[in-house]
Each structure stands twice: as C-alpha cells, then as structure tokens.
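# Commentary on secondary and tertiary structure
Here's the letter readout for the chains.
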Amino acid sequence: MCEMWCRRLMRLDKYLCKSTELTKLEAIERIQNGAVIVNSETVTDESTQVHESNDIQLNGTALKLREFRYILMHKPAGTICSNIDEVYPSLFNYLDLDKASELHIAGRLDADTTGLVLITDDGRWSFNITLPTKSCKKVYRVTLSRDIKDDVADKFKAGVQLQGEKAPTRPAELEVLSPKEVLLTITEGKFHQVKRMFAAVGNRVVGLHREQIGEVSLDVEEGLWRYLTNDEVASFSSN
C-alpha cells in the first residue's frame, strides 16, 4: 500500500494534465488564476504536492486521474529511445496511443541495441528500474568480436574499472553460451556500460540485445508491444 500511495503523489499541475485535456501551460494558468480547489481550499501554487485521494476541483468540477500506463516493447535496431525522431526514428512510432507524449522510457537502449524496453507515464515507478540503489537486474545477450577469455566471468563478478569512472562496476554475472556469445546480468546502467565492460577486458561488442528487466522477460516480436500485467507492474514496486 505504501508504494501505491507514493506513486500517486504528484505536482498539482501534473495532476491537472493527467485528469483533463489541458496542456501544462494551460494547467498552470488555471491554477494561478484560482480556478483549482484542493480539499476545499483554493491553491495557486502549481508545484503543490497532491494525492489522488484528495478532493480536487477545477471550476467546480471534481477531477479524477487517468490510469497510469505500463508498456513492454521489443525495440528494433536503428531506433532511438526518445519521444521524437532525431538522427534515427523514435521507437514511439510503433506506439499507436493517445497522449504518447506523456510517456517516457525506463532504461534507454542505444540506437543499435535491440530488445526489451519498458515505457510508462509513472515517473516514480520508473525510479525502481533506473536508480542504481534499487539494484534492478538487466539481462543482455551479447555477441563479441573475439572469443571470450576464461577469466572474464571472475573479473566481472569482482567489478571492472571503466575509463572515466571513479568506482568499478557492481558485481555482474556472466554466462557463456558459446565462444563469442554470452549472457550478461548487471544491476546498474552506466553510459554504454555493457560495451565499456567488454572493452575493459580487451573485447568488443558487435551485437547487443536486452532480454530481461527485473522479473519481466521479452515475449513479443520485434516492433511489437503489450501492456504489463498487474503482477509485472507490482514486481518493480517491491524492489
């Protein structure tokens, strides 16, 4: 219950955006003009923290939040984890949903990396996936340019020093599938971490695919998506 309570605490302007068709600027204008009442009191500060159980009214009409969305997608190569197209097209082109601009990706992948991404409009929930202190595991299938050396698993378990980082990586698990293909499980998400880890031990990643985040595994074809089940959503809340 505590986790659900925390996830539904948000700024007043965001609450208006998620319970009406107002833009953020329109929501702020209504709040500052005194059109919003929270628990029988007029509130004019858009940064005020409110909860879904509060009685919130806009011009005398009671408001209710839309449900948060939790989505699993199989990211294709050559797409970017962004809401808009840039050098590469956005993977949001594969989502045919209303208000897709409210969604964000919990744990981004590089343009050339494929596999599992989680998409949501619940910012507090995504913290359980992205914050290093939550130790949420991510499993990658890695294709290498050279045969894996026998001592790499032990090095990754102990932690390796990445260029430009003050501390070594957290302990990681390595499972060898073949001389040039492995499964790597990490619990953090430093910039280009998987590629840098193998570079640190004298190898090079030529293919990278994320198969699992937490207890959720990829189970849809490339370019497709589905909503997470309630149990899958709750599995991250308990981290």
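Rules used throughout
- Residues numbered from 1 in each chain as written.
- Predicted model: local features only at pLDDT ≥ 70, side-chain atom pairs only at ≥ 80, totals over all residues.
- Heavy atoms only, no water.
- Helix = DSSP H or I, 4+ residues; strand = E, 2+ residues; numbered from the N terminus.
- Areas by Shrake-Rupley, 256 points an atom, 1.4 Å probe, with all protein chains shown as cover.
- Lys, Arg positive; Asp, Glu negative; His and termini not counted.
- Charge placed at Lys NZ, Arg CZ, Asp CG, Glu CD.
- Core = buried A, V, L, I, M, F, W, Y, C linked by side-chain atoms within 4.5 Å.
- Buried < 20%, exposed > 50% of the residue type's maximum accessible area, 1.4 Å probe, protein only.
- Contact = heavy atoms within 4.5 Å.
- Pairing = 2+ DSSP bridges.
- Arc of directions from axis to C-beta.
- pLDDT = per-residue confidence, 0-100.
- Disulfide = S-S within 2.5 Å.

## So, the overall build of the protein chain
Helices and strands together make up the secondary structure of the protein chain, namely 7 helices and 15 strands. Once the C-alpha set of the protein chain is aligned to its principal axes, its extents read approximately 70 × 35 × 35 Å. For the protein chain, the accessible area works out to roughly 12700 Å², and carbon and sulfur atoms hold 50% of it. Here the protein chain holds 31 positive side-chain charges and 36 negative ones, and the gap between their average locations is 5 Å.

## Here we look at the nonpolar core
Counting 33 residues, the largest nonpolar core has Leu12, Leu16 and Leu118 as the members making the most contacts within it. Taken together, the elements giving at least two residues each to this core come down to α2 (12-19), α3 (24-32), β2 (36-38), β5 (56-58), β7 (70-75), β9 (114-120), α4 (123-130) and α7 (230-237). By residue number, the principal contributor to this core is α2, which donates 4 residues. When residues no more than four places from it in sequence are discounted, the contact partners of Leu118 are Ile71, Leu72, His104, Ile105, Ala106, Trp125, Ile129, Ile213, Leu228 and Phe236. With 32 residues, the next largest nonpolar core counts Phe92, Leu174, Val205 and Leu208 among its residues.

## Focus on the pairing of β9
The buried count for β9 comes to 7 of 7 residues, which makes it a mostly enclosed element. Pairing of β7 with β9 involves 6 bridges; the strand directions are antiparallel. Note on β9: the bridge partner recorded for Met73 is Val117. As judged from the 2 bridges shared by strand β8 (residues 104-105) and β9, these two strands associate in the antiparallel manner. Note on β9: the bridge partner recorded for His104 is Thr120.

## Some words on the environment of Arg108
Here Arg108 lies in the loop between β8 and β9. Taking the relative accessible area as the measure of exposure, Arg108 reaches 57% and is therefore exposed.

## Points about α7
Of all the positions in α7, only Glu232, Val233, Phe236 and Ser237 are classed as buried. Projected down its long axis, α7 carries its buried residues within an arc of 150°, all on one side. Summarising the geometry of α7, the exposed residues directed more than 90 degrees from the buried face are Asn230 and Asp231.

## Concerning unusual backbone geometry
Backbone geometry places Asn39, a non-glycine residue, at a positive phi of 50°. Summarising the element assignment, Asn39 is placed in the loop between β2 and β3 (41-42). Despite not being glycine, His192 has its phi angle at roughly 50°, a positive value. Looking at where His192 falls in the secondary structure, it is placed in the loop between β12 (181-186) and α6 (193-200). The class of His192 is partly exposed, set by a relative accessible area of 30%.

## A look at the sheet that holds β3
Ordered in space as β3-β2-β5-β6, the 4 strands form an open sheet in which the pairing is antiparallel. The open sheet has two edge strands with one neighbour each: β3 and β6 (61-62). Here β5 pairs with β6 via 2 bridges, running antiparallel. Note on β6: the bridge partner recorded for Leu58 is Thr61.

## So, the confidence of the model for the protein chain
For the protein chain, the average pLDDT comes to 91, and 96% of its residues sit at 70 or higher. A low-confidence stretch, residues 1-7 (pLDDT under 50), is modelled with 12 contacts involving residues beyond four sequence positions or located in other chains.

## Comments concerning α3
It helps to recall that an α-helix has 3.6 residues per turn; residues three or four apart then point in one direction. Regarding α3, the residues found buried are Ala27, Ile28 and Ile31. The buried residues of α3 occupy an angular sector of 100° when projected down its axis, which confines them to one face. Looking at the buried positions of α3, the neighbouring elements they touch are α2 and β2. Gly34 lies just past α3 and shows a positive phi near 80°.

## Examining the state of the cysteines
A covalent bond between the sulfur atoms of two cysteines is referred to as a disulfide. A complete count under the given rule lists 0 disulfides for this structure. With no disulfide partner, Cys81 has as its closest neighbouring cysteine sulfur the one in Cys136, 15 Å distant. Residue Cys81 is classed as buried on the basis of its relative accessible area, which comes to 5%.

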